[in-house]
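Structural description and commentary
Read off the chains here:
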Amino acid sequence: MNDSRPVLRRCVACRELLDRSTLLRVIRDHQEGVLLDQGMGRSAYLCPTEACFEEARRRKKLQKSLRCQVSDDLMTALQERLTEPRVAAAEAR
(Lines give C-alpha, C1' and ligand atoms only; values in the text may rest on other atoms or scores of the structure.)
Protein backbone atom coordinates (compact mmCIF):
# COMPACT_ATOMS: atom_id res chain seq x y z
CA MET A 1 0.00 0.00 0.00
CA ASN A 2 2.53 2.59 -1.21
CA ASP A 3 0.86 6.02 -1.32
CA SER A 4 2.80 8.85 -2.97
CA ARG A 5 0.69 11.68 -1.56
CA PRO A 6 2.62 14.13 0.65
CA VAL A 7 2.07 14.08 4.40
CA LEU A 8 0.28 17.32 5.31
CA ARG A 9 0.40 19.18 8.61
CA ARG A 10 -1.14 22.48 9.73
CA CYS A 11 0.97 25.44 10.86
CA VAL A 12 -0.09 26.51 14.37
CA ALA A 13 0.24 30.20 13.46
CA CYS A 14 -1.26 30.71 9.98
CA ARG A 15 -3.34 27.47 10.03
CA GLU A 16 -2.25 26.67 6.46
CA LEU A 17 -2.02 22.99 5.47
CA LEU A 18 1.47 22.27 4.10
CA ASP A 19 3.83 19.38 3.35
CA ARG A 20 5.35 18.16 6.62
CA SER A 21 8.91 18.30 5.22
CA THR A 22 8.72 22.09 4.74
CA LEU A 23 7.61 22.84 8.32
CA LEU A 24 9.54 23.16 11.58
CA ARG A 25 8.50 20.49 14.09
CA VAL A 26 8.36 21.11 17.85
CA ILE A 27 7.79 18.02 20.01
CA ARG A 28 6.72 17.62 23.64
CA ASP A 29 8.58 14.46 24.56
CA HIS A 30 7.41 12.63 27.69
CA GLN A 31 10.99 12.38 29.02
CA GLU A 32 13.11 15.14 27.49
CA GLY A 33 10.64 18.03 27.56
CA VAL A 34 10.17 20.22 24.48
CA LEU A 35 12.49 19.47 21.55
CA LEU A 36 13.07 20.54 17.94
CA ASP A 37 12.78 18.01 15.09
CA GLN A 38 13.45 14.90 17.19
CA GLY A 39 11.67 12.50 19.48
CA MET A 40 8.24 11.02 19.85
CA GLY A 41 5.28 12.71 21.39
CA ARG A 42 2.82 15.52 20.87
CA SER A 43 3.92 17.69 17.93
CA ALA A 44 3.25 21.19 16.70
CA TYR A 45 4.30 22.45 13.28
CA LEU A 46 5.35 25.97 12.28
CA CYS A 47 6.02 27.56 8.89
CA PRO A 48 9.68 28.58 8.54
CA THR A 49 8.74 32.26 8.18
CA GLU A 50 9.36 35.22 10.46
CA ALA A 51 5.67 36.17 10.33
CA CYS A 52 4.46 32.77 11.58
CA PHE A 53 7.19 32.66 14.23
CA GLU A 54 6.20 36.09 15.57
CA GLU A 55 2.50 35.15 15.55
CA ALA A 56 3.24 31.90 17.42
CA ARG A 57 5.38 33.73 19.98
CA ARG A 58 2.95 36.62 20.49
CA ARG A 59 -0.17 34.48 20.88
CA LYS A 60 1.56 31.52 22.60
CA LYS A 61 0.43 29.16 19.83
CA LEU A 62 3.11 26.52 20.54
CA GLN A 63 2.29 26.43 24.26
CA LYS A 64 -1.42 25.99 23.51
CA SER A 65 -0.84 23.29 20.90
CA LEU A 66 1.67 21.31 22.98
CA ARG A 67 -0.27 21.90 26.22
CA CYS A 68 2.89 22.84 28.13
CA GLN A 69 5.36 25.68 28.63
CA VAL A 70 7.89 26.34 25.85
CA SER A 71 11.22 27.69 27.12
CA ASP A 72 12.80 30.91 25.89
CA ASP A 73 15.84 28.84 24.88
CA LEU A 74 13.72 26.79 22.50
CA MET A 75 12.13 29.93 21.03
CA THR A 76 15.63 31.37 20.48
CA ALA A 77 16.72 28.12 18.78
CA LEU A 78 13.64 28.31 16.53
CA GLN A 79 14.43 31.90 15.61
CA GLU A 80 18.03 30.90 14.76
CA ARG A 81 16.66 28.17 12.46
CA LEU A 82 14.66 30.82 10.61
CA THR A 83 17.73 32.97 9.94
CA GLU A 84 20.03 30.09 8.87
CA PRO A 85 18.73 29.64 5.29
CA ARG A 86 18.98 33.39 4.61
CA VAL A 87 22.59 33.49 5.79
CA ALA A 88 23.49 30.47 3.62
CA ALA A 89 21.77 32.05 0.58
CA ALA A 90 23.60 35.37 1.14
CA GLU A 91 26.97 33.59 1.36
CA ALA A 92 26.27 31.68 -1.87
CA ARG A 93 26.05 34.93 -3.87
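Everything numeric in this text was worked out from a predicted model, so none of it was measured. Throughout this document, residue positions are counted from 1 along each chain, in the order its sequence is written. Side-chain atom pairs in this predicted model are given and counted only at pLDDT of 80 or more, local residue features only at pLDDT of at least 70, and totals for whole chains, interfaces and linings cover all residues. Excluded from the side-chain calculation are hydrogens and water; included are all heavy atoms of the structure.

1. Details of the overall build of the protein chain
Counting from the N terminus, the helices are DSSP H or I runs at least four residues long and the strands are E runs at least two residues long. Secondary structure summary: the protein chain contains 3 helices and 5 strands in total. Traced from its N-terminal end to its C-terminal end, the protein chain shows the element sequence β-β-β-β-β-α-α-α. By definition in these notes, contact holds between two residues if any of their heavy atoms fall within 4.5 Å. Considering only intrachain contacts with a sequence separation of at least 6, the fraction spanning at least 24 residues in the protein chain is 44%.

2. Some remarks on the sheet that holds strand β5 (residues 41–46)
Read from one edge of the open sheet, 3 strands run β4-β3-β5, paired in antiparallel fashion. The strands lining the two open edges of the sheet, one partner per strand, are β4 (33–36) and β5. Ignoring which end each strand starts from, the neighbouring axes of this sheet average 25° apart. With 4 bridges connecting them, strand β3 (residues 24–29) and β4 associate as antiparallel partners. Bridging across to β4, Val26 finds its partner in Leu36. Two strands pair if DSSP finds at least two bridges between them. Axes, fitted as lines to C-alpha atoms, cover a helix only where it is in contact. Angles between the N-to-C directions of the axes lie from 0 to 180 degrees.

3. Some words on the nonpolar core
One finds Val26, Leu46, Leu62 and Leu78 to be the most contacted residues of the largest nonpolar core, which totals 22 residues. Of all the elements in the fold, those that place two or more residues in this core are β3, β4, β5, α1 (50–58), α2 (61–66) and α3 (72–92). With 4 residues, α3 is the largest single contributor of residues to this core. Setting aside chain neighbours within four positions, we find Leu62 in contact with Val12, Val26, Ala44, Ala56, Val70, Met75 and Leu78. Definition used in this section: a nonpolar core is a set of buried Ala, Val, Leu, Ile, Met, Phe, Trp, Tyr and Cys residues joined via side-chain atoms within 4.5 Å. Exposed residues in this analysis have more than 50% of their type's maximum accessible area, buried residues have under 20%, and partly exposed residues fall in between, with area computed by a 1.4 Å probe over protein chains only.

4. Digging into the confidence of the model for the protein chain
A residue's pLDDT is the predictor's confidence in that residue, given on a scale from 0 to 100. Confidence in the prediction for the protein chain averages 88 pLDDT; 88% of positions are at 70 or higher. Least confident of the elements in the protein chain is α3, whose mean pLDDT is 75; most confident is strand β1 (residues 8–10), at 97.

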